[in-house]
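Report on the structure
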Amino acid sequence: MRSIVLRLITIIIFSQILLLMTTFAFTDTKDVATENPARQLIMKVVEKAGSMDKLKALSDVEYRYTFINEATQQKDISIERYIFDGELSYAEYETHEVFIIPGKSGKVIQKYDGDSTFISLNDQPVYDRINVGTASFVRRANFYWFAMSAKLLDEGIHYELIEDQKVDGINYKRVKMSFDEGVGEVQDDFILYVNPDTLLIDQFLFTVKRSPKFPTPMLMEVQYQKVEGIYLTTNRRVIAANWDGSKKGDYLFHQLTEDVKFNNEFPAELFTIQ
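Structural notes, computed from the coordinates. Residue positions are counted from 1 within each chain, in the order its sequence is given. The model is predicted, so local features are restricted to residues of pLDDT at least 70 and side-chain atom pairs to those at 80 or more, both for listing and for counting; the totals for chains, interfaces and linings are taken over all residues. Note: side-chain values were computed over all heavy atoms of the structure, leaving out hydrogens and water.

Brief notes about helix α3 (residues 37-49)
We count a stretch as a helix when DSSP gives it H or I for four or more residues in a row; a strand needs E for two or more, and each element gets its number in order from the N terminus. The span one expects for a helix is its residue count, reduced by one, times 1.5 Å. For α3, with 13 residues, the first-to-last C-alpha span of 19 Å sits near the 18 Å given by 1.5 Å per residue. Of all the positions in α3, only A38, R39, L41, I42, V45, V46 and A49 are classed as buried. For α3, the arc enclosing every buried residue in end-on projection is 155°, short of the 170-degree limit, so these residues lie on one face. The N-capping residue of α3, defined by a side-chain oxygen 2.8 Å from the backbone nitrogen of A38, is N36. Trailing α3 by a residue or two, G50 shows a phi angle of about 125°, which is positive. Only protein chains enter the accessibility calculation, which uses a 1.4 Å probe. A residue is then buried if its area is under 20% of the maximum for its type, exposed if over 50%, and partly exposed in between. Here, the arc refers to the directions that run from the helix axis to the C-beta atoms. Under the rule applied, a polar contact is a pair of N or O atoms within 3.5 Å (in protein, one hydrogen donor and one hydrogen acceptor; residues adjacent in sequence only if both atoms are side-chain atoms).

Following this line, the structure appears as structure tokens:
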């Protein structure tokens, strides 16, 4: 009789362990992640600014983008076109003095089809490693800066609340953001300053991956424009900084986004690389 009771107790305990293991195995990892207070805050930011689903519902975008080197006042000016589903990117440059084939005149076209990058000068393909590498970086970076608020909840991102910091009388909530390997291919290591009143990110510290050209870290200050219900960072200025947010030297770059138009019905062929 005693052995039967012991076997029954063993079976009950083993069953409970299996039940717990099954429960953990099938718990939605996203639900677990939402228990992270930093991620909860970022979810509110994305809800306020506009999610990737909202961008995809608008299909595509065209805008005029001006990148200014503050020290020299040289500019890269492009008409940018993106299809949000697949993050396809196209740009046409008439002015390219900073990063995009500087020193040569004529029309530059860049394309990114979600996998490969194409660049041409005056309708002739460009194949040298430096210019193709720059085009690959710029296509993904420009898309990221345009859609950054929406992409804050991409897979493979980790969030941590760090100490609040007061800047210009605002007590900012700060979130440290990092990426899994292969995620965030052009930017990495963020500290986001979330305005507790607007739930928008007024500024952030960031680094540029694998690029000795840029100081580490940099501080980007942003201003927003609301278009079709989406808050876009249409005015951005970048300056070298320390990780405590203190600025170093003069401003480096000024980035302007103008004439934003959604739902243009761009054909996929525009982004195709032959």
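What follows continues from the structure just given.
As for the packing of aromatic side chains
Only rings of Phe, Tyr and Trp enter the pairing, Trp through its six-membered ring, and a pair is recorded when the two centres are within 6.5 Å. The plane angle decides the type: under 30 degrees is stacked, over 60 is edge-to-face, the rest tilted. One pass over the full model with this rule turns up 23 aromatic pairs. Taken together, a centroid distance of 5.9 Å and an interplanar angle of 75° make the contact between Y82 and F146 edge-to-face. In this pair, Y82 sits in strand β2 (residues 75-83) while F146 sits in helix α5 (residues 129-151), placing the two residues 64 residues apart along the sequence. Since its relative accessible area comes to 6%, F146 is described here as buried. Aromatic side chains Y144 and W145 sit 5.6 Å apart centroid to centroid with 75° between the ring planes, which places their arrangement in the edge-to-face category. Just as Y144 is buried, W145 falls in that class too. Members of the aromatic cluster, connected to one another through ring pairs, are Y63, Y65, Y82, F84, F143, F146 and F262. For a ring to carry a charge above it, either NZ of a lysine or CZ of an arginine must fall within 6 Å of the ring centroid while also lying within 35 degrees of the normal to the ring plane. Between R237 and the ring centre of Y251, over which it is positioned, the NZ or CZ distance is 3.9 Å.

Observations concerning the pattern of salt bridges
The salt bridge definition used is simple: a Lys or Arg side-chain nitrogen within 4 Å of an Asp or Glu carboxyl oxygen. Scanning the model with the defined rule gives eight salt bridges in all. The partner of R139 in a salt bridge is E80, and the shortest N-O contact between them spans 2.8 Å. Here E80 lies in strand β2 and R139 lies in helix α5, a separation of 59 residues in the sequence. Its salt-bridge partner being E87, residue K151 comes within 2.8 Å of it at the nearest N-O pair. Pair noted here: K151 is in helix α5 and E87 is in the loop between β2 and β3 (88-96), with a separation of 64 residues, a long-range link. With a relative accessible area of 8%, K151 lands in the buried category. Put simply, E87, K151 and D154 are held in one network by salt bridges that share partners.

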